[in-house]
Amino acid sequence: MLARLVAAIEQGQKFEVDVRNEEEIFGLDGYQLSIWEVGGDKPISVFPWDAEINEELIDLRVRSKDLESEANRFAIRLRDELGATETRYGNGFFNRTLVDLITESYLDKYPDIKNSLERTHSRQVERTAEYHECRDTIAYVIGKRSRELTRQLEYDETTMQKILSKAIARYIDNRFSLSQRKQMGLL
C-alpha cells in the first residue's frame, strides 16, 4: 500500500489523511486512519490507527484533511511517544511534571489547553534530577511534534500552534480522563 502511495506521490498525485474515532470510544483509542486522494469522494484505504504508517505519511508530507483531524493525529502521537516516559517515571510523577512544564512554558495561554488544565488537579513535585530528566523528555517530544508540523507538513507558525494546542489539550483530556469524568458528573 505505501509503496503504491510513494509512487503516486512521486508522479505528482496529492493525498491527505483523516483521523477519526469511528467507534466513539473515550480517549485516544479506537481511531482509524484513512487515506484520501485530494478531491476524492471516498478513501482509498482505511485501517485502525498505526503509528508506523502515520510516521511514514508524515515523512511523505501527507497532511490531514482538516485541523481537527490533524489535532487528533498529533494527540495520538504525543500519547504514543510519551508512553515510555510515563512508564519510566510513573503515572503520578509524570502527570505532575507534565502540568508543571505546560504551565511554566505558558502553553496554558492557549484556550484549549487552559480549559483542560482547569479541570485537573496536580500537586507540586520536588525538582530533582529525575524531575528535570522527565521534563526535558516531555519538552523534547512536544518540540519534535512542533517541528514535524512546520518542517515536514509545512504548516505556518499560527496553524502549527492551533494544531499543537488542540493536540496537547486532547492529550491532557485523555491523561486525566476528563471527558469521562465530566460525563459521569464528577467534574
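Remember, predicted model here, so these are calculated numbers, not experimental data. (Residues numbered from 1 in each chain as written. Predicted model: local features only at pLDDT ≥ 70, side-chain atom pairs only at ≥ 80, totals over all residues. Heavy atoms only, no water.)

### What about the packing of aromatic side chains?
Okay, step 1: The tally for this structure, following the rule as stated, stands at one aromatic pair.
Okay, step 2: Relative to Phe-93, the ring of Tyr-89 lies with its centre 6.0 Å away and its plane at 25 degrees, an arrangement referred to as stacked. Each member of the pair Tyr-89 and Phe-93 is classed as buried.
Okay, step 3: The ring of Tyr-155 is capped by Arg-63, whose NZ or CZ atom sits 4.0 Å from the centre of that ring.
Okay, step 4: The cationic tip of Lys-65 hangs over the ring face of Trp-36; the distance from NZ or CZ to the ring centre is 3.5 Å. (Phe/Tyr/Trp six-rings, centres within 6.5 Å; stacked < 30°, edge-to-face > 60°. Buried < 20%, exposed > 50% of the residue type's maximum accessible area, 1.4 Å probe, protein only. Lys NZ or Arg CZ within 6 Å of the ring centre and 35° of its normal.)

### So, the nonpolar core
Okay, step 1: Core analysis: the biggest nonpolar cluster contains 34 residues, and Ile-102, Ile-113, Ile-138, Leu-149 and Ile-168 have the highest contact counts within it.
Okay, step 2: Looking at this core, the elements with two or more residues in it are α3 (67-89), α4 (91-104), α5 (111-118), α6 (129-152) and α7 (157-175).
Okay, step 3: Ranked by residues supplied to this core, first place goes to α7 with eight residues.
Okay, step 4: In contact with Ile-138, other than residues within four places in its own chain, are Leu-82, Phe-94, Thr-97, Leu-98 and Leu-101. (Core = buried A, V, L, I, M, F, W, Y, C linked by side-chain atoms within 4.5 Å. Helix = DSSP H or I, 4+ residues; strand = E, 2+ residues; numbered from the N terminus. Contact = heavy atoms within 4.5 Å.)

Remember that the coordinates give geometry; whether it matters functionally is a separate question.
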